[in-house]
Each structure stands twice: as C-alpha cells, then as structure tokens.
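Next come the chains, spelled out residue by residue.
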Amino acid sequence: MGTAPSFSRVLLKVSGEALMGSKEFGIDLDMAGRVADEVVQAVKGGVQVALVIGGGNIFRGVAGAASGMDRANADQMGMLATVMNALAMQDVLISKGIDARAMSAIHMPTVCESFTRARALSHLNKGKVVLCAAGTGNPFFTTDTAAALRAAELKCDAFFKGTSVDGIYSADPKADRNAERFETLTYDEMLARNLRVMDGAAIALARDNAIPVFVFSIRQSGEFNKVLNGNGTFTEVTV
Ligand code: UDP
C-alpha cells in the first residue's frame, strides 16, 4: 500500500491492554517481549522511537471514579499504572540489548528519570528508546493525549497507535459485520464522526501540529515495522 515513507523519529503508543496478552489483568511478559521485538527492529532499522504505554491493564481513573473515588485521585493511580508498564517494558527492551529510559511526568527520582524534553531528545539521538511514563502528569487526560503531546514536543514525524484492530472502522468491527475500514481519514472527519479510537484532545493536538496518525493492529506480529515502511494494513489520519 503506498510508497514507503521515511521516518526518522516516531512516537508509538500502545494501550496497557496490549501488554495483557491472553491474561485478564496485568502484564504478560511474553506479550511485552513481542511488542519490544517490534521496537527493537525499528530502532535497528535506524528509526528513533519514543514509546507511550497506557495503564488500562492495571487501573483507569474513570473506573475508579465510577466506583465512587475522587476522579483526580483515581487518575493519579492510573498514571502510576503507566509507570509500572514503562518500567516493565524498559526491562524487556534492555534484556534484548536496546538501551531504554523510562522518563516520568510525575517526579519519582528514585525510580526513573523525570521527563524533560532536552534529555529525551538527547536519549533519542543516541539511539535509546524513551518510554514516556505517567501520561501528561495531569488528571483528566489520557495516554493518547500524552502521546500526541510528546510526539509534538519531540518533533516526531508520525504518531503510531497500535490497537487491537487493524485501523479505524465506520463502526466497531467486532460488533458490526458491515463495518468498513477507512484507508485514510482527515482529523476533522475523525472528530466529526466521534470515532472512539482516540480521544478528541489527542486528535486536535495531532492536527494542530500536523502530525500524521497511523492506526494499526499491534496484535499482528511484525505489523508496526510493515506500517513504518508503508506496507501492512492501517488507517492514516491526516489533513
Ligand atoms: N491518566 C491521567 N493523565 C494522563 C494520562 C493518563 O490521568 O495524562 C490516567 C487516567 O486515569 C487513565 C490512566 O492513567 O485512565 C491510564 O491511561 P489510559 O486509560 O490512557 O491507558 P490505556 O487505555 O491506553 O491503557
């Protein structure tokens, strides 16, 4: 599909659920290893990768709020969940011979570096994978928005969102057999259709900073690198 785009620095966002594999909760290290293999392949191919991992496999603020918790407090728990995932992925990447740095938006210096743009760029330029942890550091946001923010700050060429389906559909393809996959969509179409693949704040940030978004299946082995090279199955969101 299409001609091979050349990316030098990208942001990859995977949901926390992607790390669950076949488990119902938490981190499946085999599945984390599969995601890490994709990142290793991209880095060895000369692409700088900043990684954002969600926290939904451990805790989501909205779920805590629905159970009666204060939303801001619950969101802080959600952000801490993303730090756990980042530390797990950092460990897996290092075990595969790729240097990786978890950088948290919430200061926890005895655990990992704090996120600063300059340090993150320095790590990326040395070929290290930067794991942007703790989302934006603020409640009432999601890791999709954090990913769009980091993609803009770190001047990434594109935002890759690995999901459990191979692109954006007109309806939920797991529930509606007639759902159709879009090859391309504009940011504004995506906002107008209220497609629940990404939250509106993330799409608006990508639009305002002209960052193309590629939605693909992270469950499909090798797919991230195929999409990086202009192959594979995906939906591209652009102007
Ligand atoms: N979160 C937050 N601020 C952020 C990013 C995340 O408060 O900037 C919290 C929020 O509670 C969210 C949780 O962290 O539910 C986990 O992130 P997300 O739901 O985006 O994870 P994913 O669905 O991608 O696994």
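Fair warning: this is a prediction, and the values are worked out from it, not measured in the lab.

Rules and cut-offs
- Counting restarts for each chain, with residues numbered from 1 along the sequence as it is written.
- For this predicted model, a pLDDT threshold of at least 70 governs which residues receive local features, and a threshold of 80 or more governs which side-chain atom pairs are given and counted, while totals over whole chains, interfaces and linings are taken from all residues.
- Processing note: side-chain calculations cover all non-hydrogen atoms of the structure and skip hydrogens and water entirely.
- Helix numbers and strand numbers start at the N terminus; a helix is a DSSP run of H or I with at least 4 residues, a strand a run of E with at least 2.
- Burial classes: relative accessible area under 20% of the type maximum marks a residue as buried, over 50% as exposed, and values in between as partly exposed (1.4 Å probe, protein chains only).
- Distance and chemistry together define a polar contact, namely a pair of N or O atoms within 3.5 Å, with one atom able to donate a hydrogen and the other to accept it when in protein, and with adjacent residues in sequence counting only for side-chain atoms on both sides.
- Throughout, a residue-residue contact means that at least one pair of heavy atoms, one from each residue, lies within 4.5 Å.
- When DSSP locates at least two bridges between a pair of strands, those strands are taken to pair.

(A) Expanded view of the side chain of asparagine 57. You can see asparagine 57 is positioned in the loop between strand 2 (48-53) and helix 2 (61-66). For asparagine 57, a relative accessible area of 1% corresponds to the buried category. Side-chain polar atoms of asparagine 57 contact the side chain of asparagine 85, separated by 2.8 Å. Residues in contact with asparagine 57, not counting those within four places in the same chain, are Gly16, Glu17, Leu19, Met20, Phe25, Gly26, Ile27 and Asn85.

(B) Quick peek at helix 7 (residues 200-208). Within helix 7, the full set of buried residues consists of Ala202, Ile203, Ala204 and Ala206. In this structure, the buried residues of helix 7 make contact with helix 5 (143-153), helix 6 (187-193) and strand 8 (213-217). Taken from the residues just after helix 7, alanine 210 is the one with a positive phi, measuring 50°.

(C) Broad picture of the sheet that holds strand 2. Ordered by their spatial adjacency, nine strands build an open sheet running 4-3-5-2-1-6-8-9-7, and the pairing between neighbours is mixed. The sheet is open, and its two borders are formed by strand 4 (113-114) and strand 7 (184-186), each paired with just one other strand. Direction of pairing for strand 3 (residues 100-104) relative to strand 4: parallel, over a ladder of two bridges. Directly across from serine 104, in strand 4, lies its bridge partner serine 114.

(D) Structural context of the environment of aspartate 30. With respect to the secondary-structure elements, aspartate 30 resides in helix 1 (residues 29-44). In sequence terms aspartate 30 and glycine 200 are 170 residues apart; their C-alpha atoms lie 32 Å from each other.

(E) A look at the pairing of strand 8. Burial runs high along strand 8: five of the five residues are buried. Residues Val213, Val215 and Ser217 point to one face of strand 8 and Phe214 and Phe216 to the other, with burial holding for every one of them. As paired elements, strand 6 (residues 158-163) and strand 8 share five bridges and run parallel to each other. Within strand 8, the residue paired with lysine 161 across the bridge is valine 215. Here strand 8 pairs with strand 9 (residues 235-238) via three bridges, running antiparallel. Of the residues in strand 9, the one forming a bridge with valine 215 is threonine 235.

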